[in-house]
Amino acid sequence: MSTKIAFLMDRKNRTNLFDTEHMERIARLGEIALFDASEALSPVHTAELIEGADIAVTSWGCPPLEKPILERAPGLKLIVHAAGTVKRVVTPEVIRSGIRVSSANCVLGRRVAETALGLTIVSLKNIWQLAADTRNNEWGRNYHRVKELYGVTIGVVGAGASGRPYIELMRQFQVRILVYDPNVSVEAISSMGGIPADLDTLLAESDVVSIHAPAIPATNRMFNARRLAMMKDDAILINTSRGSLIDEDALVAELSTGRLRACLDVTNPEPPAADHPFRTLPNVTLIPHVAGVVTNGLRSLGAFTAQELEAFASSGLLNGEIDLSRLDILA
């Protein structure tokens, strides 16, 4: 009997993520069930699609896989999530059923790390201010505030899917890398090329602090007034994780003194209010949650999914398998 692979996503997401080559590769592995209507994917649609499936491919917009849905596919062995966090899809019933789950979070994490690297370089160089000065015929006015990515200390908060590749990228430069992650061992951090540090030390010594921690209760507003005050004068705070990790009122207060600079890809809520100080403070770079995959980069999630399904079919091994026992501390 042919393997049934159910695509639990709407048509727009599927066509954005998967090109013809991806779909042809997956079709060689089994029979594909698609939702080809224009409307959003409902739980009813999901239950119909997953009927008798061996593998489910999920993404943004897929309803939680609750018991009534999973009962339609008693032989389901694998869920491959062509997106980041699986928390919106994976339910206790998925975990109880022993279904293996893989996520493209490793692909998204790499893109986030690359964005954080870009923000690190252009912020240290003070590119935003220099560009504004040059447009205003003030050539080189803030030249003295330029720093190179050399001989500085980079603080990395979170050594997971995006923090780990950011550390890897930072190792290409002659910089000191401090890493804080209470869920990663000292030995593992050292093996990545980082220096294990407590959060207070990291904040006090870093020229750039890049946030890569997950949005979980333990990290809610972890960057509060006390911790922000510990940062060095002229330090740069980069957040490509989630807005909930920062006490935004406290950050506004610090930024209003001119002491720090911030690059924010995420806020809480998104977008910030039209009159929010983040929109007008001169030492804030505010971008609209683009650190992960967008536009042409979405295809990398389709490529990952095809590779993951091929690996599962040939060896049973998965590159992006999620340890569901650790779901509460994962992004």
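Note: the structure precedes this text.
Just so it is clear, the model here is predicted, and its values are computed rather than measured.

To continue, consider the sheet that holds strand β2 (residues 31-33). A sheet is described by the order of its strands in space; here five strands give the open sequence β2-β1-β3-β4-β5, paired in parallel fashion. Taken across any chain shown, the strands that pair with only one partner, and hence form the sheet edges, are β2 and β5 (100-103). In this sheet, adjacent strand axes meet at a mean angle of 20° when their direction is disregarded. When strand β1 (residues 4-8) meets β2, the two strands line up parallel, connected through three bridges. Paired with Lys4 across the bridge in β2 is Glu31.

Right, let's get into the pairing of strand β4 (residues 78-81). Each regular strand shows side chains that alternate between the opposite faces of the sheet. Side chains of β4 alternate between two faces, with Leu78 and Val80 and Ile79 and His81 buried alike. With four bridges joining them, strand β3 (residues 55-58) and β4 adopt parallel strand pairing. Across the sheet, Thr58 pairs through a bridge with His81, a residue of β4. Note: β4 against β5, four bridges, orientation parallel. Paired with Val80 across the strands is Ser102, a residue of β5. Tracing the backbone out of β4, into helix α5 (residues 92-97) and back to the parallel element β5 gives a crossover that is right-handed.

For the rest of this paragraph, the subject is the sheet that holds strand β6 (residues 153-157). Taken in spatial order, the seven strands of this open sheet run β8-β7-β6-β9-β10-β11-β12, and their pairing is parallel. Strand pairing shows two members of the sheet lacking a second neighbour, β8 (195-196) and β12 (284-286), which therefore form its edges. Here β6 pairs with strand β9 (residues 208-211) via four bridges, running parallel. Residue pairing across strands places Ile154 opposite Val208, the latter belonging to β9. Contacting β6, β7 (176-180) and β9, helix α8 (residues 163-170) runs over the sheet at an angle of about 165° to β6.

On to the environment of Leu41. Positionally, Leu41 belongs in the loop between β2 and α3 (43-50). A C-alpha to C-alpha distance of 6.3 Å links Leu41 and Met9, two positions 32 residues apart in sequence. Residue contacts for Leu41: discarding those within four places in its chain leaves Leu8, Met9, Phe35, Thr46, Leu49, Gly61, Cys62 and Pro63.

Assignment of secondary structure puts Val186 in helix α9 (residues 186-192). For Val186, a relative accessible area of 49% corresponds to the partly exposed category. Spatially, the C-alpha atoms of Val186 and Pro269 are 34 Å apart, while their sequence positions differ by 83 residues.

Cut-off values and rules
Residues numbered from 1 in each chain as written. Predicted model: local features only at pLDDT ≥ 70, side-chain atom pairs only at ≥ 80, totals over all residues. Heavy atoms only, no water. Pairing = 2+ DSSP bridges. Helix = DSSP H or I, 4+ residues; strand = E, 2+ residues; numbered from the N terminus. Axes fitted to C-alpha atoms, helices over the stretch in contact; angles between N-to-C directions. Buried < 20%, exposed > 50% of the residue type's maximum accessible area, 1.4 Å probe, protein only. Right-handed = clockwise from strand over helix to strand, strands pointing away. Contact = heavy atoms within 4.5 Å.

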